[in-house]
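Observations on chain architecture
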Amino acid sequence: MGIPHEEQVFEKVVLELSVHNHPGVMSHVCGLFARRAFNVEGILCMPVDAGHESRIWLLVRNDTRLAQMISQVEKLEDVIGVAQRGADRRVFEQLEAFFQ
Amino acid sequence: MHLSGAQLIVRLLEQQGIRLVSGIPGGPALPLYDALAQSMQIRHVLARHEQGAGFIAQGMARVSGHAAVCLASSGPGATNLVTAIADAKLDSIPLVCITAQVPSAMIGTDAFQEVDTYGISIPITKHNWLVRDVRDLLTIIPEAFRIAESGRPGPVWIDIPKDVLTASIDVAVLPLPGLRRAAPELNLDLLGRAAELINAAKTPVLYLGGGVIAANAGAAVTALAEQAGLPATMTLMALGAMPVDHPLSLGMLGMHGARYTNYALEEADLLVVLGARFDDRAIGNADKFCPKAAIIHIDIDMAELGKIRRPDVAIQGDVAAAVEALRSLVQANPRTQWCERVAELKRQHPLALPHVEDPCSHYGLVHAVAAELDDEAVIVTDVGQHQMWVAQAYPFRRSRQWLTSGGLGTMGFGLPASIGASLAQPERTVVCFSGDGSLKMNIQEMDTAVEEGVNVKVIVMDNQSLGLVHQQQDMFYGKRIFAADYKRHTNFQKIAEGFGMQVFDLDASPDPRATLRSALKAKGPCLVHCSIDVQQKVFPMVPPGAANTEMIGG
């Protein structure tokens, strides 16, 4: 019985961020995860609402610091809302074919 | 009104109540400086290095609690500000930093003095902007002040291309100034649970952080402590929140806290954390900090709740409002047994202040200065041994009496922050304790101090070394002192004289106390020089990574 790899321990979740759509928002979001040493495994971003807002999907591991990370993301002025999604948002799975 | 972008910025700053800005001009910033020169309300203080400008603004903000403004031009002007802004971020100091940028059409071409100011400023600000259209200034400037002062305060950064500064705009009415947002509403159920925990606790301790100062909650917290018999310890950032000679004060905790403080915390069965963030220098090894204590954590910043230690009750809100609410729920209780136990710990393990009777020694100089001043003075430090000696030994009794670089620990903070403090509150005497290492890091601001005639007394504790590095190498690196000693002695007196500053040398004085008194009473800025034995240490000391109870010395 070895210690299981972290990969096996933590399920992956999708964070769905509604953000103001202007240059620099992606830098804010990605920079925050990087400097707090929280790995992001997948990123998708598309404009919505006629380009006034963007939706960012982040594929992250559901480890013990996730709640802390969400609190930090919510502090970003350009983030309008954060929702945590599980199996109901299969956006990354649907994209897997493009990465074969 | 027909205005240029630069004129609009000046108008918006004026109606925001800004009367003093610090900065240094440069090419792209010239339209802004030209508009500023026409202002009848705003005075500009010319720093000698942009980092100095940033810390001058910090000094203004730290004594007043209101957002202060610093300016710089593009490229090196902006990068030189970075340390002062990062320092403000870590200590939650409200600043509005405005930099000029190369013209929009040249952004991305590696133009002369172009740097990605927006990108650089992201991780060190609460929020930042690159202004792409002159009309956006109408929303961004008020928003900048609102964000800087709301919730947990912090710095914001506005980068403005030169063509936006020169563009013209017709403005019918100016937007309203940006005001602090109301704090989130308090959860009364959670406050009730917090009160129950306090009422049931046998050995509770208040752990006060810089948030108590930011929320102007010092008086409310002291009243709560008195009502419920709660001994209170303060972080470096919270010194002054409760008078240190108050019977319930436990003084500063952590790496250089007194033994009795860290021992009392070890016995706590409840820790009431107010506006503090479990910083590693305050709590030592997080797993071994207050092992028996339940935790109530109250903070304006949701992300601090549970970041390091999972609280039993977590309340987001304004600390002053929360403490006022708690006062109506918490039972009056002198908690005599616990207070007697704390008094016993104080008697058994007091803070040792060797040589305190000698005004030319490390602790003695701090006490000698305190003896000449009342609580209205502002005490500023740089970073290093002198900072810890002052934090340990100076009798702080007033919020915003004490300004120090806590989170970032920036050497070079002291002199410019003192200038800013004195400019904002010229009626006060401002004392800047510094070390020879720190003072050299922004020594050019002596020129600014003399030009502005500020009432700043720089007291340099000169041990010809980087004392805290020297101490760690001596204690933890086999006494191999490397790159921590200065080989030549610097004549600070001549440097100060060169800048036109009055000089007082305690080394040469037959009566150091009298010399110190004359210095503190002298008009305008002066330098007080005193040599300090390089072998003196800051004790007690918790080795990095150890539990707070594993103190060395003291």
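For the structure itself, look to the data block above.
Before going into details, it helps to say that this report is about the structure given with it. (Residues numbered from 1 in each chain as written. Chains lettered and ligands numbered in written order. Predicted model: local features only at pLDDT ≥ 70, side-chain atom pairs only at ≥ 80, totals over all residues. Heavy atoms only, no water.)

1. Looking at the overall build of chain B
Broken down by element type, chain B carries 22 helices and 20 strands. Its C-alpha atoms give chain B a radius of gyration of 24 Å, near enough to 24 Å, the size a compact globule of 554 residues would have. By its C-alpha atoms, chain B is 70 × 65 × 40 Å across when sized along the principal axes. The contacts in chain B between residues at least 6 apart in sequence include a share of 75% that link residues at least 24 apart. Total accessible area computed for chain B in this model is approximately 20,500 Å², and 54% of it derives from carbon and sulfur atoms. Charge separation in chain B, taken as the distance between the mean sites of 45 positive and 56 negative side-chain charges, equals 3 Å. (Helix = DSSP H or I, 4+ residues; strand = E, 2+ residues; numbered from the N terminus. Rg over C-alpha atoms; globule rule 2.2 N^0.38 Å. Contact = heavy atoms within 4.5 Å. Areas by Shrake-Rupley, 256 points an atom, 1.4 Å probe, with all protein chains shown as cover. Lys, Arg positive; Asp, Glu negative; His and termini not counted. Charge placed at Lys NZ, Arg CZ, Asp CG, Glu CD.)

2. Observations concerning the interface of chain B and chain A
Contacts between the two partners involve 15 residues from chain B, matched on the other side by 12 residues from chain A. Buried area between chain B and chain A, summed over both chains or domains, comes out near 1,100 Å², and the portion from carbon and sulfur atoms is 51%. Area buried by chain B at its contact with chain A is led by Ile122, His127 and Ala303 of chain B, which between them contribute 39% of it. Applying the counting criterion to the chain B and chain A interface returns two salt bridges. For Lys75 of chain A, the salt bridge is made with Asp301 of chain B, and the minimal N-O distance between the two is 2.5 Å. Taken together, the links from chain B to chain A amount to three residue pairs in polar contact (both at pLDDT 80 or more). When residues of the side of chain B that touches chain A are traced back to their parent elements, those giving at least two are β6 (127-130) and α6 (137-149) of chain B. Looking at the side of chain B that touches chain A, its residues break down into six nonpolar, two polar and seven charged. (Buried area = accessible area lost by both parts, 1.4 Å probe. Salt bridge = Lys/Arg side-chain N within 4 Å of Asp/Glu carboxyl O. Polar contact = N/O pair within 3.5 Å; in protein donor to acceptor, adjacent residues only side chain to side chain. Nonpolar A, V, L, I, M, F, W, Y, C, P; charged D, E, K, R; others polar.)

3. Description of the nonpolar core
Residues and elements named next belong to chain B. Leu206, Leu208, Leu274, Val369 and Ile379 are the most contacted members of the largest nonpolar core, which has 73 residues in total. Each of two domains, domain 2 (188-348) and domain 3 (362-531), supplies a minimum of three residues to this core. Membership of the second largest hydrophobic core comes to 48 residues, among which are Val45, Met60, Ala61 and Ala417. (Core = buried A, V, L, I, M, F, W, Y, C linked by side-chain atoms within 4.5 Å. Buried < 20%, exposed > 50% of the residue type's maximum accessible area, 1.4 Å probe, protein only. Domains from an automatic or database assignment.)

4. Re the sheet that holds strand β18 (residues 456-462) of chain B
Residues and elements named next belong to chain B. The six strands lie next to each other as β16-β15-β17-β18-β20-β19, forming an open sheet whose pairing is parallel. The open sheet has two free edges, formed respectively by β16 (402-403) and β19 (502-505), since each of these has just one partner strand. Of the strand pairs in this sheet, β19 and strand β20 (residues 526-531) are connected by four bridges, and their pairing is parallel. Across the sheet, the residue bridging to Gln502 is Cys526, located in β20. (Pairing = 2+ DSSP bridges.)

5. What about the packing of helix α17 (residues 414-424) of chain B against helix α19 (residues 445-452) of chain B?
Residues and elements named next belong to chain B. Direction vectors running N to C along α17 and α19 enclose 20°, while the axes themselves pass 9 Å from each other. With respect to each other, α17 and α19 are oriented roughly parallel. Here α17 and α19 pass one another in a crossing that is left-handed. Contacts between α17 and α19 involve Leu415, Pro416, Ile419 and Leu423 on the former and, on the latter, Glu445, Met446, Thr448, Ala449 and Glu452. Residues belonging to the contact of α17 with α19 are distributed by class as follows: six nonpolar, one polar and two charged. (Axes fitted to C-alpha atoms, helices over the stretch in contact; angles between N-to-C directions. Parallel < 35°, antiparallel > 145°, perpendicular 65-115°, else oblique. Left-handed = near helix turned anticlockwise from the far one by under 90°.)

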